[in-house]
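Remarks on the overall topology
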Amino acid sequence: MATIILNKNNFFNNLDIIAKYSKSVDKIALVLKDNAYGHGLVEMSSMAKEYGIKRAVVRTHREAEIAESFFSYILVLGDIPTMVSKTIRYTINDLESIDKFPKETRVELKIDSGMHRNGIAIDEIEEAFIKIKARGLLLEGLFTHHRSADELTSEWFWQKKNFEDAKRIAKELAIKYGFAPLRFHSSNSAALFRNASFDEDMARVGIAAYGCMTLPKPLHVDGFKPVLSLWAKKLSSRKLKSHQRVGYGGDGEILSDGVVSNYDFGYGEGFLRVCANGYKTPEGIELIGRISMDNSSFLSSKDKLLIFDSALHVATYASTISYEVLTSLKPEIKREIF
Ligand SMILES: *Cc1c(COP(=O)(O)O)cnc(C)c1O
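Note that the coordinates shown come from a computational prediction; the quantities given were computed from them, not determined experimentally.

Topic: the overall build of the protein chain
Looking only at helices and strands, the protein chain features 9 helices and 17 strands. Taken along its principal axes, the extent of the C-alpha atoms in the protein chain is 80 × 45 × 35 Å. The 338 residues of the protein chain split such that 53% are buried. A fraction of 64% describes how many contacts in the protein chain between residues 6 or more apart in sequence connect residues 24 or more apart. Summed over all atoms, the accessible surface of the protein chain reaches about 15,400 Å², with 51% contributed by carbon and sulfur. Distance from the positive charge centre (46 side chains) to the negative charge centre (43 side chains) of the protein chain: 3 Å.

Some points on the site of the ligand
Around the ligand sit Val31, Lys33, Tyr37, Leu77, Lys110, His145, Asn188, Ser189, Arg204, Gly206, Ile207 and Tyr323, and that is every residue in its neighbourhood. Within the contact set of the ligand, a nitrogen atom lies 3.4 Å away from a side-chain nitrogen or oxygen of histidine 145. For the ligand, whose free accessible area comes to 390 Å², the fraction covered by protein is 93%. Most atoms of the ligand, that is more than half of them, are within 2 Å of grid points of the largest pocket. Looking at the shell around the ligand residue by residue, the class counts come to 5 nonpolar, 4 polar and 3 charged.

Quick look at the UniProt feature "modified residue: N6-(pyridoxal phosphate)lysine" (unreviewed entry) in the protein chain
According to UniProt, the "modified residue: N6-(pyridoxal phosphate)lysine" (unreviewed entry) feature falls on Lys33. With respect to the secondary-structure elements, lysine 33 resides in helix α2 (residues 33-37). Classification of lysine 33 by relative accessible area gives partly exposed; the value is 27%. Contact partners of lysine 33, with chain neighbours within four places excluded, come to Val57, Val58, Arg59, Glu63 and Leu77.

Re the UniProt feature "domain: Alanine racemase C-terminal" (unreviewed entry) in the protein chain
Here, the residues flagged by UniProt with the feature "domain: Alanine racemase C-terminal" (unreviewed entry) are residues 227-338. Taken end to end, residues 227-338 is 12% helix and 33% strand, and its two terminal C-alpha atoms sit 10 Å from one another.

Overview of the pattern of salt bridges
Summed over the entire model, instances satisfying the criterion amount to 20 salt bridges. With a shortest N-O distance of 3.4 Å, lysine 234 and aspartate 303 are connected by a salt bridge. Here aspartate 303 lies in the loop between β15 (296-298) and β16 (304-308) and lysine 234 lies in strand β10 (residues 228-240), a separation of 69 residues in the sequence. Take aspartate 303: its relative accessible area is 55%, and that puts it in the exposed class. In this structure, aspartate 251 and arginine 290 form a salt bridge, with 2.7 Å as the shortest nitrogen-oxygen distance. Of this pair, aspartate 251 sits in the loop between β11 (245-246) and β12 (252-253) while arginine 290 sits in the loop between β14 (287-288) and β15, and the two are 39 residues apart along the sequence. Taking relative accessible area as the criterion, aspartate 251 reaches 35% and is therefore assigned partly exposed. Because the salt bridges share partners, they merge into one network encompassing Arg89, Arg106, Glu108, Glu140 and Arg183.

Considerations on helix α3 (residues 41-51)
Taken residue by residue, α3 has Leu41, Met44, Ser45, Met47, Ala48 and Tyr51 as its buried positions. Buried positions in α3, seen along its axis, are confined to an arc of 170° and lie on one side of it. On the buried face of α3, the contacting elements are β1 (3-6), α1 (8-22), β2 (28-31), α2, α4 (61-67) and β17 (334-337).

A closer look at empty space enclosed by the protein
Summed over the entire model, instances satisfying the criterion amount to 1 cavity of 30 Å³ or more. Considering only enclosed or pocket space, the largest cavity measures out at about 40 Å³ in volume. Grouping the amino acids of the lining of the largest cavity by side-chain chemistry returns 2 nonpolar, 3 polar and 3 charged.

Concerning the nonpolar core
The nonpolar side chains of a soluble globular protein tend to be buried, and buried together. If you look at the biggest cluster of nonpolar residues, it comprises 106 residues, and the most contacted ones within it are Phe129, Phe271 and Phe308. In terms of domain composition, this core takes at least three residues from each of domain 1 (8-214) and domain 2 (228-337). Beyond its immediate sequence surroundings of up to four residues, phenylalanine 308 is in contact with Leu228, Ser229, Leu230, Phe271, Tyr279, Pro282, His313, Val314, Val325 and Leu329. The next biggest cluster of nonpolar side chains, apart from the first, holds 5 residues, and it includes Val246, Ile254, Val260 and Ile288.

Some words on the packing of helix α5 (residues 125-135) against helix α6 (residues 155-176)
Across the interface, α5 lies against α6 with an axial gap of 10 Å and an inter-helix angle of 35°. Handedness of the α5/α6 crossing: right-handed. Of the residues in α6, those touching α5 at Ile125, Glu126 and Phe129 are Ala166, Ile169, Ala170, Leu173, Ala174 and Lys176. Taken together, the residues of the contact of α5 with α6 break down into 7 nonpolar, no polar and 2 charged.

Parameters and conventions
Residues numbered from 1 in each chain as written. Predicted model: local features only at pLDDT ≥ 70, side-chain atom pairs only at ≥ 80, totals over all residues. Heavy atoms only, no water. Helix = DSSP H or I, 4+ residues; strand = E, 2+ residues; numbered from the N terminus. Buried < 20%, exposed > 50% of the residue type's maximum accessible area, 1.4 Å probe, protein only. Contact = heavy atoms within 4.5 Å. Areas by Shrake-Rupley, 256 points an atom, 1.4 Å probe, with all protein chains shown as cover. Lys, Arg positive; Asp, Glu negative; His and termini not counted. Charge placed at Lys NZ, Arg CZ, Asp CG, Glu CD. Near = heavy atom within 4 Å. Polar contact = N/O pair within 3.5 Å; in protein donor to acceptor, adjacent residues only side chain to side chain. 1 Å grid on protein atoms, 1.4 Å probe; cavity = no way out; pocket = protein on both sides within 12 Å on 5 of 7 lines; lining within 4 Å. Sits in = over half its atoms within 2 Å of the grid points. Nonpolar A, V, L, I, M, F, W, Y, C, P; charged D, E, K, R; others polar. UniProt positions renumbered as here; feature names shortened; annotations may be inferred. Salt bridge = Lys/Arg side-chain N within 4 Å of Asp/Glu carboxyl O. Arc of directions from axis to C-beta. Points joined across faces, edges and corners; volume = space filled by probe spheres on them. Core = buried A, V, L, I, M, F, W, Y, C linked by side-chain atoms within 4.5 Å. Domains from an automatic or database assignment. Axes fitted to C-alpha atoms, helices over the stretch in contact; angles between N-to-C directions. Left-handed = near helix turned anticlockwise from the far one by under 90°.

If you want it as C-alpha cells, here you go:
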C-alpha cells in the first residue's frame, strides 16, 4: 500500500499566510471535513492544535467526536446529533430540521445568500428564530457559503451584500428574541483572500491550508505549499523490449527497451484511474498502461516512487479539482508526519 507523507512545515507556512488575512489565528476555523480533505483527520487535528488553531469545521457528528479533544470549537455542517455537547455546534440547514435537534443543542443558522444549496432564505430568519426559541436550542451564529468566490465575477460581491442584509436583520431579531450576540462568518479560502477588510468572527478555511488552492490570476495569493504527497513502494521489476505491452488490455506499450516496475498502489487506494497511460510523476517518470486496483506500472526502477507532491498536478492531468484528488485517498493509507 502507498504511504502519505504530511509536511508539517508546509502546513504551518500556509497557516501563517492565512493568519495574515484573518488577522488572528483565533479566527481560523480549519475545515477538516472528509477526513481533512483526505489528509487524515487525527493527523491534521494534532498539527493544527500544535500551531494554536482552536476552531474546526467538519461534516459529521462522528468526525466532530474524533476531533473534539483537539479544539475548543467545532462546527458540524451536515448532521443532527442525538446528544448535546459543549464543544460541538450544529448547522441548521433548513426550517424543517429545527425540530429534530435535541433541546439545548448549540446551533448556527445557515443562510442561503444565493447558492441555493443549503440554508434558509433571508426572509425566513424571523420564522427560524421563533422555531429555535420554541425548541429550546442555543443559537450562537449565522453563516453563509459563497458559490463563486474563486471565480472572477461579481457574484461574490452580490452574495456578500445579501449576507450583510441577513446580519443586520439577525442582529435586530437577536435582541427582540433575547439571544446572546451572534457569531458571523461567510468566508471559505477564496473569499478570505478576496477580502482585504476581513472583519468577521471567523473564516472557514480548507483548501488553502492544504496548499492546493487555484485562483484566477488577479486573485492569486503567493506562497502556499502542498501538505500532502503520495509515495509508493516497488513490488517488482522487469526488463521489457520495445513494443511490449503492460497491464490489463495491453494498453501501455513501451516504445524502447527498458525497465518497468510495478508499484503497490492503484485505484483501490483512491488514486484516480483516469490518470492511466501517460501520467508523469513530478520527477517526470511515466505511468505505463492502466491503473489496477493495487498495482500501477512505471518506467522506473526506483524502490520508492513519489507519485505526486501536489494534488493540483494530478488534478490538471485528470481534468478535475484538487479537492477530488485529495478526498479520494482512502483513510486506510498510512500517514506519516514529516
Ligand atoms: C468545504 C467548505 C469550506 C471550505 O472551503 P475551501 O474552499 O476548501 O476553503 C467552507 N465552508 C463550507 C460551508 C464548506 O462546505
